[in-house]
Amino acid sequence: MSNLHSIIASFPDTPSLYHAAEKVRDAGYKKWDTYSSFPVHGMPAAQGQPRSKVPVFTFLGGITGFTIGTLIVWYMGAYDYPLIVGGKPFFSPIFPFPIMYELTILLAAFGTLGGMFLTNLLPQHHNPLFESDTFLEVAGDRLLIAIESRDPKFDPASTRQFLAEIGGTDIEEVSA
Amino acid sequence: MATISQEMDPAQAALLDRVDPAVLEEQPLVTNNRDFNWVTNKICGIVEAGTPTWWWVCMAVALATAAFTGMGLLWLVSSGVGVWGLANPINWGWAIVNFVFWIGIGHAGTLISAVLCLLKQGWRTSINRAAEAMTIFAVVCAGIFPLFHVGRVWFAWWLFPIPNANGIWPQFRSPLEWDVFAVSTYGTVSVLFWYMGMIPDLGTMRDRAVQRLKAGAYEGATEYKRKFAEGFDVFRKYFYGIFAMGWRNAGNHWRNYEMAYLVLAGLSTPLVLSVHTIVSFDFAVSVLPGWHTTIFPPYFVAGAIFSGFGMVMTLMLPLRAIFGLHDLITQRHIDNMAKICLGTGSIVGYAYIMEFFIAWYGANPYESFAFINRAFGQYWWAYIMMFSCNVFTPQLFWFKKVRENWALVWVMSILINVGMWFERFVITVTSLANDFLPSSWGYYSPTIVDIFTFFGTFGLFSVLFLLFIRFAPLMPIGEVKYVMPQGDPHGHHAAEKGGHH
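Nothing here was measured: the structure is a model prediction, and the numbers come from that model.

A. Quick peek at empty space enclosed by the protein. Counted under the stated rule, the structure contains seven cavities of 30 Å³ or more. Estimated volume of the largest cavity: approximately 100 Å³. A per-element tally of the lining of the largest cavity places helix H12 (residues 365–376) of chain B first, with four residues. Across the lining of the largest cavity, the residue classes tally to five nonpolar, four polar and one charged. Considering only enclosed or pocket space, the second largest cavity measures out at about 70 Å³ in volume. As for the second largest cavity, its lining consists of Leu17, Thr34, Ser36, Phe38, Pro39, Val40, Met43 and Pro44 of chain A together with Gly251, Trp254, Arg255 and Glu258 of chain B.

B. Structural view of helix H6 (residues 156–165) of chain A. Residue and element names in this part refer to chain A. Residues of H6 that are buried include every one of Thr159, Phe162 and Leu163, and no others. In a view along the axis of H6, the buried residues occupy a sector of 100°, so they form one face of it. Relative to its buried face, H6 has exposed residues pointing more than 90 degrees away, namely Ala157 and Glu165. Where the residues of H6 are buried, they touch strand E1 (4–11), helix H1 (14–26), strand E3 (143–148) and strand E4 (169–175). One or two positions beyond H6, positive phi appears at Gly167, with a value near 105°.

C. Spotlight on the interface of chain A and chain B. Opposite the 68 residues of chain A that make contact, chain B presents 64 residues. Carbon and sulfur atoms supply 68% of the area that chain A and chain B bury against each other, a total of about 5900 Å² over both sides. Taken together, chain A and chain B are joined by one salt bridge. Of the charged contacts, one joins Lys214 of chain B and Asp133 of chain A as a salt bridge, the two residues approaching to 2.9 Å between their closest N and O atoms. Applying the counting criterion to the chain A and chain B interface returns 27 residue pairs in polar contact (both at pLDDT 80 or more). Put simply, the parts of the chain that give the side of chain A that touches chain B at least two residues each are H1, strand E2 (32–35), helix H3 (54–80), helix H4 (97–119) and helix H5 (133–136) of chain A. Looking at the side of chain A that touches chain B residue by residue, the classes come out as 40 nonpolar, 18 polar and 10 charged.

Thresholds, definitions, all that
Residues numbered from 1 in each chain as written. Chains lettered and ligands numbered in written order. Predicted model: local features only at pLDDT ≥ 70, side-chain atom pairs only at ≥ 80, totals over all residues. Heavy atoms only, no water. 1 Å grid on protein atoms, 1.4 Å probe; cavity = no way out; pocket = protein on both sides within 12 Å on 5 of 7 lines; lining within 4 Å. Points joined across faces, edges and corners; volume = space filled by probe spheres on them. Helix = DSSP H or I, 4+ residues; strand = E, 2+ residues; numbered from the N terminus. Nonpolar A, V, L, I, M, F, W, Y, C, P; charged D, E, K, R; others polar. Buried < 20%, exposed > 50% of the residue type's maximum accessible area, 1.4 Å probe, protein only. Arc of directions from axis to C-beta. Contact = heavy atoms within 4.5 Å. Buried area = accessible area lost by both parts, 1.4 Å probe. Salt bridge = Lys/Arg side-chain N within 4 Å of Asp/Glu carboxyl O. Polar contact = N/O pair within 3.5 Å; in protein donor to acceptor, adjacent residues only side chain to side chain.

From the geometry alone we can't say anything about function, so treat these as descriptive.
As structure tokens, this is what we get:
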């Protein structure tokens, strides 16, 4: 069992993958996932996953950008080197608004991309699943569920039988 | 439909039977009942097949054209900005015209990828990747002009708030500095959005290369050709593999990816509106008649989307024909793009007329002169080009016959961009050439350096776009599959459809 990474099972179409996912969720498995070459509408709920945490990173990035935008305009134009230009104020919340606005968006976007990588635990160039020929077919039209051996409920025989019961075909073991 | 009939009382039901309303079928987004594998093979096949001869021909032409920009810039840097046609009182000429022209073109890409995503427009999926690529390459072309307009381009980094030996900082009270932030943010965020959208497809390209390497069955007349094909797949395995970051198509990946995509769409929407707004501030914040108007931000944004969709059609119609993508870019897609051109083109036409009205209604003699001079003064020919291309051309899109004639749509899409270039020329040059003091009036003509530099940017744009279609998947495969009936987790038989959630 130590060299077993997971058991994978294929499903013929999107509705059967969706309903199988609901059954895996209800059976109480935790370390498992569905694999499809496109996002399936409503799948996070079928898998029992909570709302994504990515917006938290977006928010942090946005706040940082807004603060930096405000600070640099104040520091550079009003504190470090004030220059009189056309009688305009050295600092005001109005004129530097484009700077604050653009930096908010810029850093929020970096936060979002970084957040996507962090929440998905990427980059992770190696994964035992990539060794499976069946798994590689997910890029085409194969729809998979993989239950990992590190799941507390995992048992090589009963998990395999469970996947067959919920309609899985081409069931195979992926070694770690 | 079932729920509606249950709630109806018998009288209403009888009426409905008598009226017998037409059942309007929604046009499918992927035609001919294609399956998932067909979509993957079609889109990846474009990149995986051998380089077609036409690609090399186009690349050679594009590189030769791009060389004109190189020559123009070399000329400028070695001599100075004086080699451009700028002279008092016209100190903004083709450089700013070309800058606004290219930046505007970029806007359609972001509109398709962000605004239409928020509006849940499924038809955007097959055109959004190429449109986003167009955005990035248009921003690259746009950036060249202000960058070299600063004269001593090696000091261009002074535009950014980086400490320098003089101890001075950028001037944040100037709209030109706002522009630096807007355009550089726009370029960066567009690249991030484009790249993130491509990660699943890069993973697909990687997996397909690995599959072929494992199978090891390479066809080819000679040993050399087989080795070459295999070598290319090794390259693909690492090249796409590195950029795919280990994407596994997992449900958990998609969950976070979709959230990130939605958030980036939400960020890009105010961004794209702000960029052309700030570009218009370059003009509107000045006190010159013809520039100092509050209509500029919405008018610029509408014009940008108008020209951008023109460019999307200019690019996508030939690609569709060359690669046989008729099942993915359907008549419905072309109809929708034509209608957006019609809508934004009408806004632009309205803005032209409203400017005239306000010039008269505002009772400011300088303002009225500026506008009468625009249409009937020394640049009347540019005004006619602008008005006819931008106001009359899109009105033809009202007719279905026109929208179904692809050759005509393509020609019109080019006319739209010709018109939009002239719009920026009219705005920039007419206001400067005839300002308050008749003694200082002038006439602007571009020099050969201006012409070379601008002409070459079309080559630069084409080089970048050709590289894109050769090395990156042209359409987001996952998103196209998502809008296909087979991608629906609640059954996909057309008769059962109508369930809404």
